[in-house]
Amino acid sequence: MADNDQSLVQAARDGDRRALEKLLERHQGAVYRFGMKMCGETEDAKDVLQETLFAAARSLPDFRGASSITTWLYTIARSFCLKKRRTSKFAPERIESLEAQPEATAEVADARRSPEEEAAGRQLRGVLESAISSLDPAHREVLLLRDVEGLPAAEVAEVVGISVEAVKSRLHRARVAVRERVAPALAHGAPEPRPSPACQDVVTLLSRRLEGEIDAGACAEMEKHLESCAACRGRCDSLRATLTMCRNAGTAQVPPEVALSVKKALRAFLSAPA
């Protein structure tokens, strides 16, 4: 754990309620983003956030620090997301956009970009959100935790309860699927050049390379191929661009009205007699 988290955990265990509130507030953005992307609705994400914070407050004395606070909170949040899906009559038809919620993101318009460029950026982010929401939950959660929230594969495995190898297998498939939906938007609708039948699946190969799964010889062979194949090079470039967009999506914060409501509920929960 980060030193600040460690000191807050210790203070909270010693009965410092403000330390507990600060610790949970520090990580609530990550929990809320995960709830939004997995449940698809603002109210469900709010419920997941609130229940996760309540559960964390109750079980903090049992937290031993073997994993990071974030990993621990994701594990709790995931259990509530699964309950939401089991109790819903239907899976959500769409995932609400975080950008559609007032002040939900920390992004500030770049004065150097024209209104047209800003609009194009928003459109791209919408395409990305749609692509992620189209994944089945097992692949979506792995992509969210690894590529949006930036957890190491080993921590993703801990949260999801599967092996690291299974995490990476799901991750590669998820990346390929999301890239295929995002690539046309990156190319402004232009058709993507088709690689020749002799070409390898360079998108999966690049994904595996990013996870340290291929050796130096295979890397060199791939780089040599990309130098001479514009179609494969373009596919790899679009995957890199897609992953950059995923990382940037991990900055959205809890909407102020949701944060205030959850804060009041948490304080009431902490003040209630044991």
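1. Side note on the pattern of salt bridges
- In the structure shown here, the tally under the stated rule is 16 salt bridges.
- Put simply, Lys84 and Asp44 hold a salt bridge, and the shortest N to O gap is 3.6 Å. Here Lys84 is found in helix 4 (residues 69-87), whereas its partner Asp44 is found in helix 3 (residues 42-59), with 40 residues between them in sequence.
- By sharing partners, the salt bridges in this structure join Arg146, Asp147, Arg175 and Glu211 into a single network.

2. Describing helix 12 (residues 256-271)
- A rise of 1.5 Å per residue sets the reference length of helix 12, with its 16 residues, at 22 Å; its end C-alpha atoms lie 22 Å apart and thus fit the reference within 8%.
- On its buried face, helix 12 is in contact with helix 2 (17-39) and helix 3.

3. Some words on the environment of Val160
- Among the secondary structure elements, Val160 is positioned in helix 7 (residues 153-160).
- Val160 gets classed as buried once you look at its relative accessible area, which sits at 7%.
- Separated by 81 residues in the primary sequence, Val160 and Ser79 have C-alpha atoms spaced 9.6 Å apart.

4. A closer look at the side chain of Arg78
- With respect to the helices and strands, the residue Arg78 is situated in helix 4.
- Among all residues touching Arg78, those that are not within four sequence positions of it are Phe34, Glu141, Val159 and Val160.

5. Side note on the packing of helix 6 (residues 137-148) against helix 11 (residues 230-248)
- Viewed as axis vectors pointing N to C, helix 6 and helix 11 meet at an angle of 85 degrees, and their least axial separation amounts to 8 Å. By the angle class used here, helix 6 and helix 11 are roughly perpendicular. On the side of helix 6, the interface is formed by Leu143, Asp147 and Val148, while helix 11 contributes Leu243, Cys246 and Arg247.
- Split by residue class, the contact of helix 6 with helix 11 holds 4 nonpolar, no polar and 2 charged.

6. Considerations on the nonpolar core
- In terms of nonpolar packing, the biggest core is built from 60 residues, with Leu24, Phe34, Trp72, Leu143, Leu145 and Val178 touching the most fellow members.
- Tallying contributions element by element places helix 2 first for this core, with 11 residues.
- Look past the residues within four positions of Leu24 in its chain and what remains in contact with it is Leu53, Ala56, Ala57, Leu73 and Leu266.
- Core analysis: the next-biggest nonpolar cluster, separate from the first, contains 16 residues, Cys199, Met222, Leu226 and Cys229 among them.

7. Regarding the environment of Gly150
- Mapped onto the fold, Gly150 is located in the loop between helix 6 and helix 7.
- Separated by 100 residues in sequence, Gly150 and Gly250 place their C-alpha atoms 8.2 Å apart.

8. Description of helix 6
- Most of helix 6 is tucked away, with 9 of its 12 residues classed as buried.
- The inward-facing, buried residues of helix 6 abut helix 2, helix 4, helix 5 (115-133), helix 7, helix 8 (164-186) and helix 11.
- Structurally, the start of helix 6 carries an N-cap: the backbone nitrogen of Ala138 is 3.1 Å from a side-chain oxygen of Asp136.
- Two residues or fewer past helix 6, Gly150 is found with a positive phi of approximately 80 degrees.

9. Description of the packing of aromatic side chains
- Counted by the stated rule, this structure contains 3 aromatic pairs.
- Centroid distance Phe34 to Tyr74: 5.7 Å. Interplanar angle 65 degrees. Geometry classified as edge-to-face. With Phe34 in helix 2 and Tyr74 in helix 4, the pair connects residues that are 40 residues apart, well separated along the chain.
- Note on Phe54 and Phe269: the rings are 4.4 Å apart at their centroids and 10 degrees apart in plane angle, and the pair reads as stacked. Of this pair, Phe54 sits in helix 3 while Phe269 is found in helix 12, placing the two residues 215 residues apart along the sequence.
- For Phe54, a relative accessible area of 11% corresponds to the buried category.
- The partly exposed category is assigned to Phe269, whose relative accessible area is 26%.

About the cut-offs
Residues numbered from 1 in each chain as written. Predicted model: local features only at pLDDT ≥ 70, side-chain atom pairs only at ≥ 80, totals over all residues. Heavy atoms only, no water. Salt bridge = Lys/Arg side-chain N within 4 Å of Asp/Glu carboxyl O. Helix = DSSP H or I, 4+ residues; strand = E, 2+ residues; numbered from the N terminus. Expected span 1.5 Å × (residues − 1). Contact = heavy atoms within 4.5 Å. Buried < 20%, exposed > 50% of the residue type's maximum accessible area, 1.4 Å probe, protein only. Axes fitted to C-alpha atoms, helices over the stretch in contact; angles between N-to-C directions. Parallel < 35°, antiparallel > 145°, perpendicular 65-115°, else oblique. Nonpolar A, V, L, I, M, F, W, Y, C, P; charged D, E, K, R; others polar. Core = buried A, V, L, I, M, F, W, Y, C linked by side-chain atoms within 4.5 Å. Polar contact = N/O pair within 3.5 Å; in protein donor to acceptor, adjacent residues only side chain to side chain. Phe/Tyr/Trp six-rings, centres within 6.5 Å; stacked < 30°, edge-to-face > 60°.

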